[in-house]
Protein chains: 2
Amino acid sequence: MKILSERPSILVVEDDREISRFISSSLSAAGYLPYVAANLVDARKLFWEVRPELAILDLGMPDGDGKDWIAELRQRSDVPVLVLSARQSEKEKVACLDCGADDYLAKPFGVEEMLARVRTALRRAAMMSLRDHVYDVSGLRIDLAAGTVTLNGKLVKLTPIEYKLLMMLAQHPGKVITYRQLLTSVWGAEYLDETHYLRIHMGRLRAKLEAVPAEPRFLLTDPGIGYRIAAS
Amino acid sequence: MKILSERPSILVVEDDREISRFISSSLSAAGYLPYVAANLVDARKLFWEVRPELAILDLGMPDGDGKDWIAELRQRSDVPVLVLSARQSEKEKVACLDCGADDYLAKPFGVEEMLARVRTALRRAAMMSLRDHVYDVSGLRIDLAAGTVTLNGKLVKLTPIEYKLLMMLAQHPGKVITYRQLLTSVWGAEYLDETHYLRIHMGRLRAKLEAVPAEPRFLLTDPGIGYRIAAS
DNA sequence: GAAAATATTTACGCATCTGATATGTCGACC
DNA sequence: GGTCGACATATCAGATGCGTAAATATTTTC
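Along each chain, residues carry numbers from 1 onward, in the same order as the chain's sequence is written. Numbering of ligands from 1 and lettering of chains from A proceed in the order in which they are written. Local features are withheld for residues below a pLDDT of 70 in this predicted model, meaning they are given only at 70 or higher, and side-chain atom pairs are given and counted only at 80 or more; totals for whole chains, interfaces and linings count all residues. No hydrogens and no water enter the side-chain calculation; it runs on all heavy atoms of the structure.

## Here's the deal with the pattern of salt bridges
Right, on to step 1. Every case where a carboxyl oxygen of Asp or Glu lies within 4 Å of a side-chain nitrogen of Lys or Arg is listed as a salt bridge. The full count for this structure, using the stated rule, is 33 salt bridges over all chains.
Right, on to step 2. Among the ionic pairs, arginine 124 of chain A bridges to aspartate 102 of chain A, the shortest N-O distance being 3.8 Å. Residue arginine 124 of chain A is found in helix α5 (residues 111-127), and its partner aspartate 102 of chain A is found in the loop between α4 (90-99) and β7 (103-106); the two are separated by 22 residues along the sequence.
Right, on to step 3. Throughout, exposure labels follow a simple rule: accessible area from a 1.4 Å probe, protein chains only, divided by the maximum for the residue type, with under 20% read as buried, over 50% as exposed, and the rest as partly exposed. According to the relative accessible area criterion, aspartate 102 of chain A is buried, its value standing at 9%.
Right, on to step 4. In this structure, the salt-bridge partner of arginine 44 of chain B is glutamate 72 of chain B, at a minimum N-O distance of 2.5 Å. In this description a helix means any DSSP run of H or I spanning at least four residues, a strand means any run of E spanning at least two, and both kinds are numbered starting from the N terminus.

Here it is as structure tokens:
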């Protein structure tokens, strides 16, 4: 259970001592509550401990590429990530943004701009509705945080694609997720036309989760629009 | 003959002919459906007609400051705005972001970066659109976020076209939506003359939603203008 | 490297949706 | 009362979209 502090907490992942000092004192002065990690291992740990409302990440970490961490994070959290980097290359920017980063700020940058982008990201995040972390409807239990699925108490094994699909649906119980949204988040933006894949993998999910796949109780089709998982 | 345009529409507000050409052709190539306005007056008009999923705005418009338009837009819509500008000053960036812009890209910029930022903004917008917006009038309940329609508690099944039509109306309860707006947003700009389609599908919607289709309580006709859904 | 698991391609049956055409209704106007 | 224009409804054949099954390709695992 997260304690509601009035100051939004922000995780700063940055190995350069001087820069991280500078950033966190700027954030402090602006009314935020910064936590600092100097490498990815600490960042991972600290993230789930603090559950910050935003993460600021320097790409060049001693123990790995920050991009991997973003991708990993995106599986489990919607926390906005603001990337800082000395790398100016367009390729790098594109890769980060497509990875799930919310914004990319090339060094050197002005403090004011950074703070403005932080405000923007937090403003957006505040608009997002809070979501449950467990979907539990008549025998089907999906633990979004742990990433596990049980049917009548028995663990169900899912393939990676099935998993992503189901998580996407379970994050918004009762709401239609359009073909576009599903294809984008599972396969990527360049697969918008392959609604076909969805039919096949939804079929497989139904085979695993539904007693009578032809009459689904959980995984419902909204013809022409998308799919949705039955709400409690 | 069909074409329920699945391509996300993007409004480009840019007065420089050459730049707007360049941007819109890049967007087209990337699978989007760009609409171009060369000044703020047109932008205002086009925006509400097309209802794009994102707006790209050049700050320096001949008929006013783009910032004002952003602020104005924010009153009525959550559509993300990506600002392009030749002005590099940090003050300007901060002002725009705090005004409600989602992102700020200083010229000159790479196409790839622009497209990546567009993708990022659209990805976020897709998540946001899952927030709750509900039309609920005497037995008819339209959950815009979930995309579901219930009549006296019973779920009503709609076809894709019926769905789009109804959502368009329900987004603005009590307001007349013109034939043009409906045709544009459901079938596309090239169907402006087929008001005929509207009659057929409005008829089908009434058959599903009205107790006495001939005396509609929800789906009202404004002869010569358009249709509207009864306000709460 | 071989075997197993997973993903993609291809094909087809079936139900549903769509828009053309035709006809019916209502009110305005002369 | 009749005509006209705008809107509503009925019917129906063709198009489209969904689900499934099987064959093939790819990735993972040991």
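Picking up after the structure, the text goes on.
## Observations concerning the pairing of strand β8 (residues 134-137) of chain B
All names here are of chain B.
Right, on to step 1. Burial of β8 is one-sided: the residues Tyr135 and Val137 facing one way are buried, the residues Val134 and Asp136 facing the other way are not.
Right, on to step 2. In the sheet, β8 pairs with strand β9 (residues 140-143) via 4 bridges, with the strands oriented antiparallel. Across the sheet, the residue bridging to tyrosine 135 is isoleucine 142, located in β9.
Right, on to step 3. Any two strands are treated as partners once DSSP identifies two or more bridges connecting them. Counting the residues in the hairpin turn of β8 and β9 gives 2 residues, including serine 138, whose phi is positive at 25°.

## Considering the interface of chain B and chain A
Right, on to step 1. Two residues qualify as a contact provided that any one of their heavy atoms is within 4.5 Å of a heavy atom in the partner residue. If you look at the interface, chain B gives 38 residues, while chain A gives 38 residues.
Right, on to step 2. For any pair of parts, buried area is found by adding up, for both, the accessible area (1.4 Å probe) each one loses once the two are put together. Between chain B and chain A, roughly 3,300 Å² of surface is buried when both sides are summed, and carbon and sulfur atoms account for 53% of that area.
Right, on to step 3. The interface formed by chain B and chain A includes 9 salt bridges.
Right, on to step 4. In this structure, the salt-bridge partner of arginine 117 of chain A is aspartate 103 of chain B, at a minimum N-O distance of 2.8 Å.
Right, on to step 5. Secondary-structure elements contributing two or more residues to the side of chain B that touches chain A are α4 (90-99), β7 (103-106), α5 (111-128) and α6 (160-170) of chain B.
Right, on to step 6. Looking at which element gives the most residues to the side of chain B that touches chain A, the answer is α5 of chain B, with 12 residues.
Right, on to step 7. By the convention adopted, Pro, Cys, Tyr, Trp, Phe, Met, Ile, Leu, Val and Ala count as nonpolar, Lys, Arg, Asp and Glu as charged, and the other residues, Gly among them, as polar. Its residues placed into classes, the side of chain B that touches chain A shows 16 nonpolar, 6 polar and 16 charged.

## Quick word on the sheet that holds β7 of chain B
Residue and element names in this part refer to chain B.
Right, on to step 1. Strand order across the open sheet formed by 5 strands is β2-β1-β3-β6-β7, with parallel pairing between neighbours. Looking at the sheet topology across the chains shown, the edges are occupied by β2 (33-37) and β7. The sheet shows a mean angle of 20° between the axes of neighbouring strands, taken without regard to direction.
Right, on to step 2. Note that strand β1 (residues 9-13) and strand β3 (residues 54-58) share 4 bridges and pair parallel. What sits directly across from isoleucine 10, in β3, is leucine 54.
Right, on to step 3. Of the strands in this sheet, β1, β2, β3 and β6 (81-85) are in contact with helix α1 (residues 17-29), which crosses β2 at around 165°. Axis geometry follows a simple rule: fit a line to the C-alpha atoms, using only the stretch in contact for helices, then measure angles between N-to-C directions, giving values from 0 to 180 degrees.

## Quick look at the protein's contact with DNA strand C
Right, on to step 1. Near DNA strand C you find 18 residues, and of these Thr159, His196 and Tyr197 of chain A together with Thr159 and Arg204 of chain B are the closest.
Right, on to step 2. By convention in this text, a residue qualifies as near a molecule or strand provided that one of its non-hydrogen atoms is within 4 Å of it. Taking the atoms of DNA strand C that fall within 4 Å of the protein, sugar and phosphate contribute 60% of them.
Right, on to step 3. Under the rule applied, a polar contact is a pair of N or O atoms within 3.5 Å (in protein, one hydrogen donor and one hydrogen acceptor; residues adjacent in sequence only if both atoms are side-chain atoms). At a separation of 3.2 Å, a phosphate oxygen of DNA strand C approaches a polar backbone atom of isoleucine 161 of chain A.
Right, on to step 4. Measuring from a phosphate oxygen of DNA strand C, one finds a side-chain N or O atom of threonine 159 of chain B at 2.6 Å.
Right, on to step 5. Within the residue set of the surface near DNA strand C, elements represented by two or more residues are α6 (160-170) and α8 (195-209) of chain A together with α6 and α8 (195-209) of chain B.
Right, on to step 6. The element that contributes the greatest number of residues to the surface near DNA strand C is α8 of chain A, accounting for 5 residues.
Right, on to step 7. Looking at side-chain class alone, the surface near DNA strand C contains 10 nonpolar, 6 polar and 2 charged residues.

## Here's the deal with a negative patch on the surface
Residues and elements named next belong to chain A.
Right, on to step 1. A surface patch of like charges, here negative, comprises Asp15, Asp16, Glu18, Asp42 and Asp63.
Right, on to step 2. Counting through the fold element by element, glutamate 18 comes out in helix α1 (residues 17-29).
Right, on to step 3. For glutamate 18, a relative accessible area of 66% corresponds to the exposed category. Patch criteria: residues need more than 30% relative accessible area and no salt bridge. Like-charged residues are merged within 9 Å; nonpolar side chains of Val, Leu, Ile, Met, Phe, Trp and Tyr are merged within 5 Å. In this description, accessible areas are obtained by the Shrake-Rupley approach with a 1.4 Å probe, and a residue is regarded as covered only by the protein chains that are shown. The charge count treats Lys and Arg as positive and Asp and Glu as negative. His and the chain ends do not count. Each charge is placed at NZ for Lys, CZ for Arg, CG for Asp and CD for Glu.

## Comments concerning the sheet that holds strand β12 (residues 177-178) of chain A
All names here are of chain A.
Right, on to step 1. With antiparallel pairing, the 3 strands of this open sheet are ordered in space as β12-β14-β13. Across the chains shown, the open sheet's two edge strands, defined by having one partner strand only, are β12 and β13 (219-222).
Right, on to step 2. As paired strands, β13 and strand β14 (residues 226-229) are joined by 4 bridges and run antiparallel to one another. Bridge pairing links aspartate 222 to glycine 226 in β14.
Right, on to step 3. Most of the contacts of α8 go to β13, to which it runs at about 150°, and overall it touches β13 and β14.

## Some details on the protein's contact with DNA strand D
Right, on to step 1. Close to DNA strand D lie 20 residues; Tyr179, Thr221 and Tyr227 of chain A together with Tyr179 and Arg206 of chain B are nearest.
Right, on to step 2. When atoms of DNA strand D within 4 Å of the protein are sorted by moiety, sugar and phosphate together comprise 62%.
Right, on to step 3. Take arginine 206 of chain A: an N or O atom from its side chain is 3.0 Å from a phosphate oxygen of DNA strand D.
Right, on to step 4. Separating a phosphate oxygen of DNA strand D from a backbone N or O atom of glycine 224 of chain A is a distance of 3.0 Å.
Right, on to step 5. Elements supplying a minimum of two residues to the surface near DNA strand D: α8 of chain A together with α8 of chain B.

These figures capture arrangement, not role.
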